[in-house]
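Here's the letter readout for the chains.
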Amino acid sequence: MIKIKNNTDKMLEKSFQALGTVNRIRIFDHRKEPVLYKAIARVLEIDDRMSAFKPDSDISKINRNAGQRFQKIHPDTYRVIRRAVEFCDMTDGAFDITIRPLVELWGINRKGSEIPSDFEIQKAVKLVNYKNIRFHKISSGVMLEHPGQAIDLGGIAKGFAADEVQRIFSENGIQNALIDLGGNIVTMGKRADGLLWQIGIQNPLAPTGQFLGSLSAENCTVVTSGSNEQFFIKDGIRYHHIINPQSGSPVRNSLLSATVVCHNSIEADALTTALFVLGPRQGIPLIEKMKAEVIFIFEDLSVMMSKGMKDRFKLNSGNEKQISS
Ligand code: AMP
Ligand code: MG
C-alpha cells in the first residue's frame, strides 16, 4: 500500500507487517522505489530467520534442539546472537536473550490475564541463562546447553533490521528517509521540507500517537521500550512484556518507558530493553559508557533525561514542569 500525500507529493511511504509489528518506511525519491522494496524484502528475510514463532526460523530450530545438538544457522542470525550476548554481558544479564521460557509462560500478548504460579515462574527462571549459549564459529552453529532453554530475539531483532534498512539505503543513494520498525526509528537526512525530523515520544498512558514531547533527530536512531506496548492489568498491577530475568516476572519499577538515542539501532534496541530492567540508577552509567542519550518516563509522567537531551527534547505544552535530571 503506497500512500502519496498532497503537501509532500514527493513522499513515498510503505507500511507492512513483520517482526510482530507494523513497520513504516518513508523516502522522497520515487526513482528509488525498487530500493524501498529491496529494504522491505530484507526486513521480511530477517523476520523469517529470527522469529521465535515461525517453525522454520533459525531461532525455532535452535530452540527445538536445546540440550541436544548444535544447529547450523544463517550468518545473520549468528551475528545477531553474538552481538546480543555482548549486551547480556554488558548488562550483567538484565538483558538476556534466553528469556523465552518466561516470555512463553507469561504469554502477555497471547492469553491475557493469567498470572503463572510461583512454582512455574521459578522453574522457568532456572532455564534463563545466556551463558548457556554455545557457539561453533566454523560451522556457524549455536546450541543451548539444557533442554527447555530457548532464545528470543524480540528485544534486539528490530534494531538489527533497522540498521540493515539504513545500510541498504546508504549504499543505494537514498539520503533522506524515515525508517520506523515498530518504534525502532532511524532518521536519515532531512524531511521533504528541508527541516530536521521531529520524533514524537509517546505518552505511555495515552492512546497511541499522543506524544508527551518530541526531539529533533538528525541521522540517528530513537528507540523506545515501554510497559504500554503489550500488557494486561490485574488488581491494579500492570503486567507487561519486559521481564526481569532474576525475578521471572514483568519488571516492576516506577518506569513507564525508556527511550535511547544513539547512532546504532541494534545497540539502542538492546539498551532500551535492558534499561527498563535496570532502571535509571544502574542504567545511566551504562548509557554514559555507551555514549548514548536516554529519556525515562515514570508512572507520574515525570521525565528524566541525560544531559545531551536537554536541548533536543521538547515537552509538549502542559508538561513543562515535569523534567528532572
Ligand atoms: P523491546 O520492545 O525491544 O523492549 O523488547 C521486548 C521483547 O524482548 C519482549 O517482547 C520479549 O520478547 C523480549 N524480552 C523481554 N524481557 C527481556 C529481557 N529481560 N531481556 C531480553 N529480551 C527480553
Ligand atoms: Mg529492545
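Keep in mind that what you see is a predicted model, and the values were worked out from it rather than measured.

Asks: For this particular structure, what's the right way to read the site of ligand 1?
Replies: Every one of the 17 residues lining ligand 1 counts as a neighbour, but D152, S225, I243, D269 and T273 are closest to it. The backbone of A94 places a nitrogen or oxygen atom 3.0 Å from a nitrogen atom of ligand 1. One of the backbone nitrogen or oxygen atoms of D96 is found 3.0 Å away from a nitrogen atom of ligand 1. Summarising the interface, the protein chains cover 94% of the accessible area of ligand 1, which totals 500 Å² for the free molecule. The leading source of residues in the shell around ligand 1 is helix α7 (residues 265-289), at three residues. Tallied by class, the residues present in the shell around ligand 1 amount to eight nonpolar, five polar and four charged.

Asks: Please clarify how the coordination of the magnesium ion (ligand 2) should be interpreted in this entry.
Replies: The reference angle at a metal is 109.5 degrees if four donors form a tetrahedron and 90 or 180 degrees if six donors form an octahedron. Binding of the magnesium ion (ligand 2) to the protein goes through G155 (O), D269 (O), D269 (OD) and T273 (OG1), at separations of 2.0 to 2.5 Å. Residue G155 is classed as buried on the basis of its relative accessible area, which comes to 16%. Exposure remark for T273: the relative accessible area of 16% places this residue in the buried category.

Asks: Just to check I follow, could you spell out helix α5 (residues 118-125) for this structure?
Replies: Every α-helical turn comprises 3.6 residues, leaving residues that sit three or four positions apart pointing alike. Taken as a whole, α5 has its buried residues at I121, A124 and V125. Buried residues of α5 fall within an arc of 105° about the axis and therefore sit on the same side. Facing away from the buried side of α5, by more than 90 degrees, are the exposed residues F119 and K123. Next to the buried residues of α5 lie α4 (100-106).

Conventions used here
Residues numbered from 1 in each chain as written. Chains lettered and ligands numbered in written order. Predicted model: local features only at pLDDT ≥ 70, side-chain atom pairs only at ≥ 80, totals over all residues. Heavy atoms only, no water. Near = heavy atom within 4 Å. Polar contact = N/O pair within 3.5 Å; in protein donor to acceptor, adjacent residues only side chain to side chain. Areas by Shrake-Rupley, 256 points an atom, 1.4 Å probe, with all protein chains shown as cover. Helix = DSSP H or I, 4+ residues; strand = E, 2+ residues; numbered from the N terminus. Nonpolar A, V, L, I, M, F, W, Y, C, P; charged D, E, K, R; others polar. Donors = N, O, S within 2.8 Å, 3.2 Å for Na, K, Ca; no water. Buried < 20%, exposed > 50% of the residue type's maximum accessible area, 1.4 Å probe, protein only. Arc of directions from axis to C-beta. Contact = heavy atoms within 4.5 Å.

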